[in-house]
Amino acid sequence: IFRSGEEFVDWRSMAEEEKATAVVAGRALVERMAEAAEEISAISDYRNAYRKQFCDLSRRMKLLEPMFQELKESKDPIPEQAVRSLVQLKLALDSARELLRLGNEGSKIFLVLEREKTTKRFLEVTVQLEQALSEVPFDMLNISDEVREQVKIFVKKFCFLRILYTDANVDPSTLRRLAEKLQLLTISDLKQESLALHEMVVASDGDPGEIIEKMSMLLKKVKDFMQTQNPEMGTPTNKGLLPSNERAKPPVIPDDFRCPISLELMKDPVIVATGQTYERESIEKWLQAGHDTCPKTQQRLSNKSLTPNYVLRSLIVQWCEANGIDPPKRPARTDKSRPTCSSEQHAKVLDLISKLSSRSIDDQRSAAAELRLLARRSAENRLCIAEAGAIPLLVKLLSTHDVHTQEHAVTALLNLSIFEDNKERIIISGAVPGIVHVLRRGSMEARENAAATLFSISVVDDYKIRIGNLGAIPPLVSLLREGSPRGKKDAATALFNLSIYQGNKGKAVRAGVVPILVGLLMDPEAGMMEETLAILAILSSHPEGKAAITAAEALPALVEVIKSGSPRNKENAAATLLHLCSGEQQQQHLAEAHEKGLMGLLQEMAENGTNRGKRKAAQLIQRMNRFLEQKRVAQAQAQALAEHSGNPASPDFDYR
């Protein structure tokens, strides 16, 4: 405080007032952002040619709601630097809201005629959101780790979309930022990412959908950019990734890329009802010849629908490019492959839907049961039932007190979810809370099918996040612990799929899944070895998962699997051990593994295992050799010191 003329000026008081004003401004800004996010969530009907793009943008914007909610509820002031960046994010939210309003209220004719402008607006909004979010100092904000991680994934996805929307020249700074965020900066990084995509196919035997094709496209753009920046990395065909002594050899086609029928490289891989993958042309000829069994397993096919295996297709293309081979061209197909619904079928479905809305429990039960059977029979039925509007009515029946009606409703949703387009319809209808309710309180059959439904719709990456946030993981863990054999398998497959998303791994561990998995691993009668090891391999990459696996003393059982397990199980056991033998407790794990005789088992696996198994074994051998060398050096130093002091030390470690 000092005198200025005849007045006293209290600069501390003025600073406090300015600080208080800034706090109020920050709170007001967060309130407006939360309101904008709520308004965006309320916009849901996009009836025009860009429906998919509008729905995708809306779904991604909803992922920001938890952040705004936590900021709104937090009592901590928002730092000035964070306020400045949040102002830019608010502007980006306003732009997204206006674009979504256009899709909801605007003229359909205008959107079609102004196609280029509309596409450009999607790109502009995507760029604006990605740039605004990239500038937000999340570490300064009082938000939970899970929400922070979710937003970081959100930022990466918008960075991805920015590149995907840009077909031609992409800003090098954007590609470089993407490469840095993904840590794809060296030949080794790029090769490892390519192998990781292949492992996703091998581990899941499923069809995650078009997201994998997008991942492959992004990887190719990053790879081409990095090779442009560093010519020594090789040409875009990735010949530089091959050792010089292998370039002249013709590449060996991986068995997973060959059709089991023709034994040739697949051009258009499709999945049949048993989960096996074949070349479309080959399996169609097999079915047209009157066969109703799976050629590989000889199991009877429950239906003859063929689902494109986008994962495998994209990886085959990537493998071809990496080996300097022209990727196989997918045979041209017409829209005849899309299911169609006859007028008679449509009328029948409408009659059943009217019964779903009846006040009679008997009518509801019989209609849900018949829709369940119809949805099971064919893709045409699944499309017809969904387009007739049955899904929202089936979702309402998930909360019914009638056990059989509930079973039929959740199973009908499971059968409908097999058709790819229906996954989004089920999510948009708000089905997840109802499915989780059935998973918690339904009959055993209903719980089993609820778990299978969650597995089916969680194939889409964005839905993994939503399902995890809506509380599905704890009841899935309960079903894994106390369910029937089939229920345990359904729970395990759902948990595996959900745990692919990093944020769900911690939820699964905290729900107590690891002790249950280790118990199943040690019980050969459970018949859950493959599912258990697949989940442990995923969870071991998470710090909490690694700690829980260590606490459950799983290492001896993992070594036993490497000794006598199947090739697939050996791979996952080695992958789990590889994660355990890194970090704070790696010395303890390496010592225990050595005592269990792991080194000899790994050497055999490195010579005769599968490709993935060989890689995991080689990495483990490298770590064990480094550990043993450090032990030898430490022992030699201790021996020399003891001899120098006149008290020879006897070795306490047998390295033979």
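Remember, it's a predicted structure, so these values are computed and weren't measured experimentally.

**Thoughts on the overall build of the protein chain**
When its secondary structure is counted, the protein chain shows 32 helices and five strands. For the protein chain, long-range pairs separated by at least 24 residues make up 70% of all intrachain contacts whose partners lie at least 6 apart in sequence.

**Describing the packing of helix H27 (residues 543–551) against helix H29 (residues 567–580)**
It is at 10 Å that the axes of H27 and H29 come closest, and there the two elements cross at 105°. One way to sum up the angle between H27 and H29 is to call them roughly perpendicular. Taking contact as the criterion, the partners of Lys546, Ile549 and Thr550 in H27 are, on H29, Thr576, His579 and Leu580. Of the residues belonging to the contact of H27 with H29, the class tally is two nonpolar, three polar and one charged.

**Here we look at helix H3 (residues 65–73)**
Those residues of H3 lying buried are Met67, Phe68 and Leu71. Down the axis of H3, the smallest arc covering the buried residues is 95°, so these residues share one side.

**Let's talk about the environment of Lys304**
With respect to the helices, strands and loops of the structure, Lys304 is situated in the loop between helix H11 (280–288) and strand S5 (307–308). In this structure the C-alpha to C-alpha distance between Lys304 and Ser378, which are 74 residues apart in sequence, comes to 7.9 Å. When sequence neighbours within four positions are dropped, the list of residues in contact with Lys304 reads Leu287, His291 and Asp292.

**Observations regarding unusual backbone geometry**
What you tend to see is this: most non-glycine residues have negative phi, and most peptide bonds are trans. Despite not being glycine, Glu553 shows a phi value in the positive range, around 55°. One can find Glu553 in the loop between H27 and helix H28 (555–564). Note on Glu553: relative accessible area 61%, which makes it exposed.

**Let's talk about the side chain of His542**
Inspection of the secondary structure assignment puts His542 in the loop between helix H26 (529–539) and H27. If we ignore the near neighbours within four places in the chain, the residues touching His542 are Gln502, Lys505 and Gly506.

**Describing the sheet that holds strand S3 (residues 269–271)**
What the three strands build is an open sheet, ordered S4-S3-S5; its pairing is antiparallel. In the strand order of this sheet, the two ends are held by strand S4 (277–279) and S5, each with one partner. Bridge count between S3 and S4: three bridges; the pairing is antiparallel. The residue of S4 that forms the bridge with Val270 is Tyr278. Its contacts with the sheet place H11 against S3, S4 and S5, and it is angled at close to 95° to S4.

**Quick look at the environment of Arg623**
Within the secondary structure, Arg623 sits in helix H32 (residues 611–644). C-alpha separation for the pair Arg623 and Leu590, spaced 33 residues apart in sequence, amounts to 8.1 Å. When neighbours within four sequence positions are excluded, Arg623 is seen to be in contact with Leu578, Cys581, Ser582 and Leu590. For Arg623, the side chain forms a polar contact with the main-chain oxygen of Leu578, separated by 3.0 Å.

**What about helix H31 (residues 598–608)?**
Where H31 is concerned, the buried positions are Leu598, Met599, Leu602 and Met605. Seen from one end, H31 has its buried residues packed into an arc of 125°, which puts them on one side. For H31, the exposed residues set more than 90 degrees away from the buried face come down to Glu607 and Asn608. For H31, the elements touching its buried residues are H28, H29, helix H30 (586–595) and H32.

**Some details on the pattern of salt bridges**
This structure, assessed with the given rule, holds 23 salt bridges. Note that Arg101 is salt-bridged to Glu98, the shortest N-O span being 2.8 Å. Pair noted here: Arg101 and Glu98 are both in helix H4 (residues 80–105), with a separation of three residues, about one helical turn. Between Glu387 and Arg425 there is a salt bridge whose closest N-O contact spans 3.9 Å. Linking Glu387 in helix H15 (residues 379–387) with Arg425 in helix H18 (residues 420–428), this pair joins segments that are 38 residues apart in sequence. Owing to a relative accessible area of 27%, Arg425 belongs among the partly exposed residues under this scheme. Linked through salt bridges whose partners overlap, the residues forming this network are Glu39, Lys90, Asp94, Arg97, Glu98 and Arg101.

**Details of the packing of helix H14 (residues 361–377) against helix H17 (residues 403–417)**
Interhelical geometry of H14 versus H17 gives an angle of 25° and a closest axis separation of 8 Å. Compared by their axis directions, H14 and H17 come out roughly parallel. Here H14 and H17 pass one another in a crossing that is left-handed. Residue-level inspection shows Ile361, Gln364, Arg365, Ala368, Ala369, Leu371, Arg372, Ala375 and Arg376 of H14 in contact with H17, the latter providing His404, Thr405, Glu407, His408, Ala409, Thr411, Ala412, Asn415 and Leu416. When its residues are assigned to classes, the contact of H14 with H17 shows eight nonpolar, six polar and four charged.

**Overview of the environment of Thr610**
Mapping Thr610 onto the fold places it in the loop between H31 and H32. Judged by its relative accessible area of 29%, Thr610 falls in the partly exposed class. Residues in contact with Thr610, not counting those within four places in the same chain, are Pro567 and Glu571.

**Regarding the confidence of the model for the protein chain**
Per-residue pLDDT for the protein chain has a mean of 78; in total, 76% of the residues score no lower than 70. pLDDT under 50 marks residues 201–210. Its contacts with residues more than four places away, or in other chains, come to 28 contacts. Segment residues 649–656: pLDDT under 50, and 12 contacts once partners within four positions in sequence are set aside and those in other chains are kept.

**Considering the nonpolar core**
Counting 95 residues, the largest nonpolar core has Leu394, Leu476, Leu480 and Val513 as its most contacted members. When residues of this core are assigned to their parent elements, the largest contribution, seven residues, is made by helix H25 (residues 513–521). Once you skip the residues sitting within four places of it in the chain, Leu480 turns out to touch Lys488, Ala491, Ala492, Leu495, Val513, Ile516, Leu517, Leu520 and Met528. Counting 39 residues, the second-largest nonpolar core is a separate cluster that includes Val30, Ile40, Met61 and Leu133.

**Describing the side chain of Thr550**
Counting through the fold element by element, Thr550 comes out in helix H27. In this structure the side chain of Thr550 is engaged in a polar contact, spanning 3.1 Å, whose partner is the side chain of His589. In contact with Thr550, not counting residues within four places along its chain, are Leu580, Gln585, Gln588 and His589.

Conventions adopted
- Residues numbered from 1 in each chain as written.
- Predicted model: local features only at pLDDT ≥ 70, side-chain atom pairs only at ≥ 80, totals over all residues.
- Heavy atoms only, no water.
- Helix = DSSP H or I, 4+ residues; strand = E, 2+ residues; numbered from the N terminus.
- Contact = heavy atoms within 4.5 Å.
- Axes fitted to C-alpha atoms, helices over the stretch in contact; angles between N-to-C directions.
- Parallel < 35°, antiparallel > 145°, perpendicular 65-115°, else oblique.
- Nonpolar A, V, L, I, M, F, W, Y, C, P; charged D, E, K, R; others polar.
- Buried < 20%, exposed > 50% of the residue type's maximum accessible area, 1.4 Å probe, protein only.
- Arc of directions from axis to C-beta.
- Pairing = 2+ DSSP bridges.
- Polar contact = N/O pair within 3.5 Å; in protein donor to acceptor, adjacent residues only side chain to side chain.
- Salt bridge = Lys/Arg side-chain N within 4 Å of Asp/Glu carboxyl O.
- Left-handed = near helix turned anticlockwise from the far one by under 90°.
- pLDDT = per-residue confidence, 0-100.
- Core = buried A, V, L, I, M, F, W, Y, C linked by side-chain atoms within 4.5 Å.

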